[in-house]
Number of protein chains: 2
Amino acid sequence: MKDNNHNHDHTCLVTVPIFNHLELEELNQITDLIRSKKYSKGELIFSHGQKSDTLYIIRKGQIKTYYLSENSKEHILRILTPGEFIGELSLFLNETNNAYAEAMTDCEICTIKKDDISKLMEVYPNIALKIINELSSRLKNVEKQVSWIATEQVEVRIALYLLEQVSPTQIEKIVHLNMTKKDWASYLGTTPESLSRKLGLLEDKNLIRQIDNQHILISDYKGLEDFSNQV
Amino acid sequence: MKDNNHNHDHTCLVTVPIFNHLELEELNQITDLIRSKKYSKGELIFSHGQKSDTLYIIRKGQIKTYYLSENSKEHILRILTPGEFIGELSLFLNETNNAYAEAMTDCEICTIKKDDISKLMEVYPNIALKIINELSSRLKNVEKQVSWIATEQVEVRIALYLLEQVSPTQIEKIVHLNMTKKDWASYLGTTPESLSRKLGLLEDKNLIRQIDNQHILISDYKGLEDFSNQV
DNA sequence: CGACGCTTTGACTATACTCAACCCGTGTGG
DNA sequence: CCACACGGGTTGAGTATAGTCAAAGCGTCG
């Protein structure tokens, strides 16, 4: 690839939680194992059924992973931002990926081969720990996602999602959506039409205000909490 | 506890994927770190919000983990059988559990303290690898579960679940449910009533036959596949 | 400027949920 | 040993939520 990266540029590594505890000398050794690759918006990084032996770490940009159902409806699993990785399934389980990964913006992605990461984990046991942390965290998130979709109705899911994006102490409670409403609807397990309508209802109740397509103001935090607890 | 286990009984360990690659001498050292505890049917092993520093490994019996939604509807996340573990959230992330774990049958469960497992991982790096494998596998499963619930309608979810439980080469395609239909409905993100009705419809189409409450025969595998692909 | 994709709104419909009653099997206690 | 209670499972009727399809507005990018 034209943009291989062999000049000991650590910007890829130090921003990655998996590696950010390592010393400079250690980073130098690792850098040689890593390739950097650019993807443009809309490009697929891997697709369903593909068996890859590579771990992908986001360096710049944003990507989404999604499932494609039998009747080809896509369901967004998660949005990844710099520092996060994908590809752990084929990497650690030796199974095929069952999801798709697509660049939402132009991206720069570091790749490491399965064999190399195995070697690294032997030398630096902390890397394994970091990976375990990351996987645990993702597990927690998906479990929450599935339980919301399974038990709550759409309007409540929206409320819960918004509440989660801000801290109770935050003064200006503005949620910045890092995806389109179409993707958001998919993530919440609903349709764009329903999402649009339910957002309207929450606005009518004076709980939120839609600033633009990417920003939503929680105008009544307490009220939104009450709503999500009693419906 | 009256049933602590300090007599170098390895039956707990060798059946556990995390440890089954270790040598006998190594097992001896580890056994001392492990407590065995009995739970009776219906007992809670941990509950939402609880911060535990313990990893629980199922030795005998079966347990289920579930979420409780705001309006107190439970959603089954997974059924655990011997060899599997829970508690990794508070263990590796130092966060509170957000799920409940309950014994479905009388159980025997091995517990290891957070600090001890950390030490073990330093000495035996393979343990970390096994944990990564297990977490990856669970991640894959939950991601599939959430995508099914988000995109497929109930009848298709049932079909997909059944298809997944048997191998295409198996002659007698009988699915043994290791849970009640009530729990199954919850796992599939629906209600017992809907599950009952949809199972009836699948039976009317001659795709399956309900033998009893725990056993379902797939009488037309190909037909069931076609059904799940085109609805 | 035009095309494309996202978003919204409207009208209609269908899926699946709720509530209620009833059936059944199991386990407990008299 | 029988009676009963309990929880799981099924069936029925009615309804509500949210999905579908269609059209039109809007914003962005080439």
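It should be noted that the structure appears before, not after, this text.
Below, the structure is looked at part by part. Bear in mind the structure is a predicted one, so any value in this text is a computation, not a measurement.

Let us now look at the packing of helix H4 (residues 114-123) of chain A against helix H5 (residues 125-151) of chain A. Residue and element names in this part refer to chain A. Contact pair H4 / H5: the axes reach a minimum separation of 4 Å and the direction vectors enclose 110°. Judged by the inter-axis angle, H4 sits roughly perpendicular to H5. The residues of H5 that touch H4, namely those facing Leu-120, Met-121, Glu-122 and Val-123, are Pro-125, Ile-127, Ala-128 and Ile-131.

Under the criterion given, the structure shown has eight aromatic pairs over all chains. Each ring, one from A:Tyr161 and one from A:Trp184, has its centre 5.4 Å from the other, and the planes form 55°; the classification is tilted. Of this pair, A:Tyr161 sits in helix H6 (residues 154-165) while A:Trp184 sits in helix H7 (residues 181-187), placing them 23 residues apart in sequence. Here A:Tyr161 matches A:Trp184 in class, with each residue buried. Aromatic side chains B:Tyr161 and B:Tyr187 sit 5.8 Å apart centroid to centroid with 70° between the ring planes, which places their arrangement in the edge-to-face category. Here B:Tyr161 is found in helix H6 (residues 154-165), whereas its partner B:Tyr187 is found in helix H7 (residues 181-187), with 26 residues between them in sequence. Of the two residues examined, B:Tyr161 and B:Tyr187, each falls in the buried class. Positioned above the aromatic ring of B:Tyr221 is the side chain of B:Lys173, whose terminal nitrogen or guanidinium carbon lies 5.0 Å from the ring centre.

This part covers the sheet that holds strand S2 (residues 44-46) of chain B. An order of S2-S7-S4-S5 (chain B) is seen for the four strands of this open sheet, with the pairing classed as antiparallel. Sheet topology places S2 and strand S5 (74-80) of chain B at the edges, where each strand pairs with a single neighbour. The mean angle between the axes of side-by-side strands here comes to 30°, regardless of whether they run parallel or antiparallel. Where S2(B) lies against strand S7 (residues 100-103) of chain B, two bridges are found, and the strand directions are antiparallel. Following the sheet pairing, B:Leu44 is matched in S7(B) by B:Glu102. Packing against the sheet, H5(A) makes contact with strand S4 (63-68) and S5 of chain B, and its axis sits at approximately 135° to S5(B).

Another point: the protein's contact with DNA strand D. The immediate surroundings of DNA strand D are formed by 18 residues, with A:Gln153, A:Val154, A:Thr190, B:Lys182 and B:Arg197 found nearest. When atoms of DNA strand D within 4 Å of the protein are sorted by moiety, sugar and phosphate together comprise 61%. Interatomic distance of 2.7 Å between a backbone N/O atom of A:Val154 and a phosphate oxygen of DNA strand D. Here A:Glu193 contributes a side-chain N or O atom positioned 3.2 Å from a base nitrogen of DNA strand D. Within the residue set of the surface near DNA strand D, elements represented by two or more residues are helix H8 (192-204) of chain A together with H7 and helix H8 (192-204) of chain B.

Okay, the interface of chain A and chain B next. Each partner contributes residues to the interface: chain A has 42 residues there, and chain B has 42 residues. In total, about 4,000 Å² of surface goes out of reach between chain A and chain B, with carbon and sulfur atoms giving 64% of it. Run the count over chain A and chain B and you get four salt bridges. Across the pair B:Glu143 and A:Arg138 runs a salt bridge whose closest N-O atoms are separated by 3.7 Å. On the surface where chain A and chain B come into contact, there are four residue pairs in polar contact (both at pLDDT 80 or more). When residues of the side of chain A that touches chain B are traced back to their parent elements, those giving at least two are strand S5 (74-80), helix H3 (88-93), H5 and helix H9 (221-230) of chain A. Of all the elements, H5(A) adds the most residues to the side of chain A that touches chain B, at 20 residues.

Residue and element names in this part refer to chain A. Pairing in this open sheet of three strands is antiparallel, and the strands run S9-S11-S10 from one edge to the other. Every other strand in the sheet has two partners, leaving strand S9 (174-176) and strand S10 (208-212) as the edge strands with one partner each. Ignoring which end each strand starts from, the neighbouring axes of this sheet average 25° apart. Note that S9 and strand S11 (residues 215-218) share three bridges and pair antiparallel. By the bridge assignment for S11, His-176 is matched with His-215. Across the sheet, H6 is in contact with S9, S10 and S11; its angle to S11 comes to roughly 90°.

Analysis parameters
- Residues numbered from 1 in each chain as written.
- Chains lettered and ligands numbered in written order.
- Predicted model: local features only at pLDDT ≥ 70, side-chain atom pairs only at ≥ 80, totals over all residues.
- Heavy atoms only, no water.
- Axes fitted to C-alpha atoms, helices over the stretch in contact; angles between N-to-C directions.
- Helix = DSSP H or I, 4+ residues; strand = E, 2+ residues; numbered from the N terminus.
- Parallel < 35°, antiparallel > 145°, perpendicular 65-115°, else oblique.
- Contact = heavy atoms within 4.5 Å.
- Phe/Tyr/Trp six-rings, centres within 6.5 Å; stacked < 30°, edge-to-face > 60°.
- Buried < 20%, exposed > 50% of the residue type's maximum accessible area, 1.4 Å probe, protein only.
- Lys NZ or Arg CZ within 6 Å of the ring centre and 35° of its normal.
- Pairing = 2+ DSSP bridges.
- Near = heavy atom within 4 Å.
- Polar contact = N/O pair within 3.5 Å; in protein donor to acceptor, adjacent residues only side chain to side chain.
- Buried area = accessible area lost by both parts, 1.4 Å probe.
- Salt bridge = Lys/Arg side-chain N within 4 Å of Asp/Glu carboxyl O.

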